[in-house]
Amino acid sequence: MANLGIPQNTIDVLQKHNFHFQKKYGQNFLIDTSVLERIISAAEITEEDCVLEIGPGIGTMTQYLAEAAGEVVAVEIDKALIPILEHTLSEYHNVTIINDDILKVDIHQIVEEKNAGKPIKVVANLPYYITTPIIMGLFESHVPLKSITIMVQKEVADRMQVGPGTKDYGALSLAVQYYAKPEIVANVPPNCFIPRPNVGSAVIRLTRYDKPPVEVADERKLFALIRASFNQRRKTLVNGLANAAELHVTKEQVAAALEQMGLPATVRGETFTLEQFAELSKLL
Ligand code: SAM
């Protein structure tokens with residue numbers, strides 16, 4: 001089968017199958033072989049790996065994954081793409097295509113069936129409209145994972161990677177950095193896709209920690225605290241946290257905890273490191 005990373009080959013397949021792009025599914029197909037190679041090398045795919053691909057589209061990256069990995073499972077929501085995938089991937093015997101919504105499939109079951117429950121790698125050019133729910137779902141459900149290497153909107157990649165005191169820092173940065181080490185591995189301009197997205201893109205690798213960098217008794221409490229702090233970004237932590245119904249804390253309790261941490265009652269969440277959020281969650 002022809003390499004779909006070459007633009008004319010993708011155009012031929014789309015025309016042959018009379019495929020119509022569905023905007024609601026965030027369909028922007030990659031047409032750049034060097035970006036595809038970069039993704040595969042950043043994910044460090046070997047024959048030992050079982051890879052979950054989210055949204056294979058017409059199978060462009062799936063071809064590269066099938067060449068490098070032992071096993072590939074690709075979950076695609078658009079049923080119009082399934083006959084195309086069966087055609088473009090017909091040469092590979094290590095690829096399973098599942099026609100479903102990634103937010104609804106039981107990934108634990110896939111890992112159990114295809115990799116005997118051992119950690120898998122996730123590789124994807126993600127549909128941008130559901131980037132955050134996909135990433136958080138993978139982490140929070142504790143699917144056995146080695147790494148997630150994904151194409152996302154540039155701005156979202158920046159948010160995952162930055163530390164305190166920057167405008168992009170927020171709940172997503174902290175959640176990602178609790179579970180994984182983030183590294184942006186490539187910036188990708190719109191002309192590498194068909195159709196072209198309206199935003200710049202980046203490839204980011206999230207390498208799962210064996211153990212989170214901070215220890216807390218209750219992860220849900222830590223994340224509730226983080227969410228509440230950034231929901232009301234402009235408020236001080238004392239006001240923001242006391243206003244959050246799910247936390248059940250008073251201004252006085254927050255102020256006392258901050259004092260124990262040697263901090264003034266006027267601090268804002270956007271200056272807080274993951275370690276400080278963990279300490280605050282223990283004190284409250
Ligand atoms: N991997 C292909 C590539 O790189 O050319 C396509 C990437 S395109 C940005 C995103 C793909 O995700 C599309 O094929 C789209 O139909 C699929 N998709 C969108 N929402 C999905 C969902 N909830 N579950 C599974 N696939 C989804």
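Residues numbered from 1 in each chain as written. Predicted model: local features only at pLDDT ≥ 70, side-chain atom pairs only at ≥ 80, totals over all residues. Heavy atoms only, no water.

What follows concerns the nonpolar core. In this structure, Leu52, Ile54, Ile150, Met160, Leu206, Leu241 and Leu280 are the most contacted members of the largest nonpolar core, which totals 65 residues. Per element, the largest residue contribution to this core is seven residues, and it comes from helix H9 (residues 219-231). In terms of domain composition, this core takes at least three residues from each of domain 1 (7-208) and domain 2 (219-283). Not counting residues within four places of it along the chain, the set of residues in contact with Ile150 comprises Ala124, Leu126, Ile135, Ala202, Val203, Ile204 and Leu206. Leu36, Val123, Met151 and Ala186 belong to the second largest nonpolar core, which has 30 residues in total. (Core = buried A, V, L, I, M, F, W, Y, C linked by side-chain atoms within 4.5 Å. Buried < 20%, exposed > 50% of the residue type's maximum accessible area, 1.4 Å probe, protein only. Helix = DSSP H or I, 4+ residues; strand = E, 2+ residues; numbered from the N terminus. Domains from an automatic or database assignment. Contact = heavy atoms within 4.5 Å.)

Attention shifts here to the domain arrangement of the protein. Each assigned domain of the protein is listed here: domain 1 (7-208) and domain 2 (219-283). Each of domain 1 and domain 2 has a C-alpha centre, and the two are 34 Å apart. With 13 residues of domain 1 at the interface, the matching set in domain 2 holds 13 residues. Taking both sides of the interface into account, the surface hidden between domain 1 and domain 2 amounts to around 990 Å²; carbon and sulfur atoms contribute 66%. Considering only the side of domain 1, the residues that lose the most area to domain 2 are Tyr169, Leu174 and Tyr178, jointly responsible for 51% of the buried surface there. At the junction of domain 1 with domain 2, the criterion picks out zero salt bridges. Our count for the contact surface shared by domain 1 and domain 2 stands at four residue pairs in polar contact (both at pLDDT 80 or more). (Buried area = accessible area lost by both parts, 1.4 Å probe. Salt bridge = Lys/Arg side-chain N within 4 Å of Asp/Glu carboxyl O. Polar contact = N/O pair within 3.5 Å; in protein donor to acceptor, adjacent residues only side chain to side chain.)

With respect to spatial proximity, 23 residues lie near the ligand, and among them Leu30, Gly55, Glu76, Asn125 and Tyr129 are the closest. Here a nitrogen atom of the ligand sits 3.4 Å away from a polar atom, N or O, in the side chain of Glu53. At 2.6 Å from an oxygen atom of the ligand is found a side-chain nitrogen or oxygen belonging to Glu76. Starting from 590 Å² of accessible surface for the ligand in isolation, the protein chains cover 99%. (Near = heavy atom within 4 Å. Areas by Shrake-Rupley, 256 points an atom, 1.4 Å probe, with all protein chains shown as cover.)

A separate point is the side chain of Ser173. Here Ser173 lies in helix H8 (residues 171-179). A polar contact of 2.9 Å, which involves the side chain of Ser173, links it to the backbone nitrogen of Gly170. With residues near it in sequence (within four places) discarded, Ser173 still touches Arg159, Met160, Val162 and Asp168.

Next up on the list: the packing of aromatic side chains. Summed over all chains, the structure comprises 10 aromatic pairs. For the pair Tyr178 and Tyr179, a centre-to-centre distance of 5.0 Å together with 85° between the ring planes defines the contact as edge-to-face. Note on accessibility: Tyr178 and Tyr179 belong to one class, buried. For the pair Phe272 and Phe277, a centre-to-centre distance of 5.1 Å together with 65° between the ring planes defines the contact as edge-to-face. By the burial criterion, Phe272 is buried, and Phe277 matches it. (Phe/Tyr/Trp six-rings, centres within 6.5 Å; stacked < 30°, edge-to-face > 60°.)

This part takes up the pairing of strand E4 (residues 95-99). Examined bridge by bridge, strand E3 (residues 71-76) and E4 share five bridges and lie parallel to one another. Looking at E4, one finds that Glu76 is bridged to Asn99. Taken together, E3, helix H4 (residues 82-88) and E4 form a β-α-β motif whose crossover is right-handed. (Pairing = 2+ DSSP bridges. Right-handed = clockwise from strand over helix to strand, strands pointing away.)

This paragraph deals with the packing of helix H2 (residues 33-42) against helix H3 (residues 60-68). One way to put it is that H2 packs onto H3 with a least axis distance of 10 Å and a crossing angle of 45°. Considered as vectors, H2 and H3 are oriented oblique to each other. For the pair H2 and H3, the crossing hand works out as right-handed. Across the interface between the two elements, Thr33, Leu36, Glu37, Ile39 and Ile40 from H2 touch Thr60, Met61, Tyr64, Leu65 and Ala68 from H3. For the contact of H2 with H3, the residue count by class is seven nonpolar, two polar and one charged. (Axes fitted to C-alpha atoms, helices over the stretch in contact; angles between N-to-C directions. Parallel < 35°, antiparallel > 145°, perpendicular 65-115°, else oblique. Left-handed = near helix turned anticlockwise from the far one by under 90°. Nonpolar A, V, L, I, M, F, W, Y, C, P; charged D, E, K, R; others polar.)

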